[in-house]
Amino acid sequence: MRLRNITGSKDMIAESPLVIHEPEMTKGKWKNVFGNNHDLHIEIGMGKGKFLYTLAGKNPEINYIGIEKYSSVLLRALQKMEADPLPNLLFIRMDAEEITEVFDRGEVSRIYLNFSDPWPKDRHAKRRLPSREYLARYDQILKKDGILEFKTDNKELFEFALEELPFAGWEIVKKTFDLHHDMEMMEGNIMTEYEEKFSSKGNPICKYIIKR
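Looking now at the overall build of the protein. On a plain count of helices and strands, the protein comes out with 9 helices and 7 strands. The C-alpha atoms of the protein give 16 Å as radius of gyration, which agrees with the globular expectation for 212 residues (17 Å, within 12%). When its C-alpha atoms are laid out on the principal axes, the protein stretches across 40 × 35 × 35 Å. Counting across all 212 residues of the protein, residues that qualify as buried make up 47%. Total accessible area on the protein is roughly 11100 Å²; 49% of this is exposed by carbon and sulfur atoms.

Counting buried positions over the 11 residues of strand β5 (residues 142-152) gives 8, a clear majority of the element. Here strand β4 (residues 108-114) pairs with β5 via 6 bridges, running parallel. From the neighbouring strand, L113 faces β5, where its bridge partner is F150. In this fold, the crossover linking β4 to β5 by way of helix α6 (residues 132-141) has right-handed handedness.

Strands in a sheet are paired, the pairing made by backbone hydrogen bonds, and the direction either parallel or antiparallel. Pairing within the open sheet is mixed, and its 7 strands lie in the order β3-β2-β1-β4-β5-β7-β6. Both edges of this open sheet fall to β3 (89-93) and β6 (171-176), since each of them pairs with a single strand only. Going from strand to strand, the sheet's axes swing by 15° on average, the running direction of each strand aside. Sheet topology note: the strand β1 (residues 40-44)/β4 ladder contains 4 bridges and is parallel.

Within the structure shown, the criterion is met by 9 aromatic pairs. When the centroid spacing of 5.8 Å and the interplanar angle of 40° are considered together, the rings of F158 and Y208 count as tilted. Residue F158 is found in helix α7 (residues 155-168), and its partner Y208 is found in strand β7 (residues 206-211); the two are separated by 50 residues along the sequence. Across this residue pair, the class does not change: F158 and Y208 are buried. Their ring planes at 5° and their centres at 5.7 Å tell us that Y194 and F198 sit as a pair that is stacked. Here Y194 pairs with F198, and both are found in helix α9 (residues 193-200), just 4 residues apart, close to one helical turn. The class for F198 is buried, based on a relative accessible area of 16%. Over the ring of F167 we find R132; its NZ or CZ atom is 4.1 Å from the centre of that ring.

Of all 11 residues that make up helix α4 (residues 71-81), 8 are buried, and the element is covered over most of its length. Taken residue by residue, α4 has S71, S72, V73, L74, L75, A77, L78 and M81 as its buried positions. Check the buried side of α4 and you find it contacts α1 (9-14), α3 (50-58), β2 (63-68) and β3.

Conventions used here
- Residues numbered from 1 in each chain as written.
- Predicted model: local features only at pLDDT ≥ 70, side-chain atom pairs only at ≥ 80, totals over all residues.
- Heavy atoms only, no water.
- Helix = DSSP H or I, 4+ residues; strand = E, 2+ residues; numbered from the N terminus.
- Rg over C-alpha atoms; globule rule 2.2 N^0.38 Å.
- Buried < 20%, exposed > 50% of the residue type's maximum accessible area, 1.4 Å probe, protein only.
- Areas by Shrake-Rupley, 256 points an atom, 1.4 Å probe, with all protein chains shown as cover.
- Pairing = 2+ DSSP bridges.
- Right-handed = clockwise from strand over helix to strand, strands pointing away.
- Axes fitted to C-alpha atoms, helices over the stretch in contact; angles between N-to-C directions.
- Phe/Tyr/Trp six-rings, centres within 6.5 Å; stacked < 30°, edge-to-face > 60°.
- Lys NZ or Arg CZ within 6 Å of the ring centre and 35° of its normal.
- Contact = heavy atoms within 4.5 Å.

Put into structure tokens, the structure is as follows:
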């Protein structure tokens, strides 16, 4: 469920100091943007931002960027965070297809994908964020030892994501089809809004951690 049509959302986003408005100009220069040499972690499709805001608050030694395609969704995140912004958290409104235009080779240490759009029709498989096409993009921007974490309540999407890994040259570090009953993988887990909603209904949450 997306919020797409809030009147004036693009104008309000354009005025926010928490949003990078010309991210392609910062490619290879994110350390300058944050003013330090900390590792950079990104969440693609961050929704209303609870996960990333909580993560950034717990880890001030890491820089975070939240990427969201839909203006109305990003606006909701900004409205929550502008009252208490964090110096290590910024946002970009963009399509994930453009990430190689915004981040340089090896510039990102970790990528988070949380409850991504499943794009259920077969002809849309290339649009799925854990597809081999997107894994190839992530490969370009991640450090050599960088990792990617993916969570979803959609078992079919998770199985698709697992099947894509060998084609893209990635391997599993850890995986589970029931995160909230996996003590090892639940350690330090931060729930998204969707995760709270789905898990409260008894839906199992799938997660993997992968590397090249």
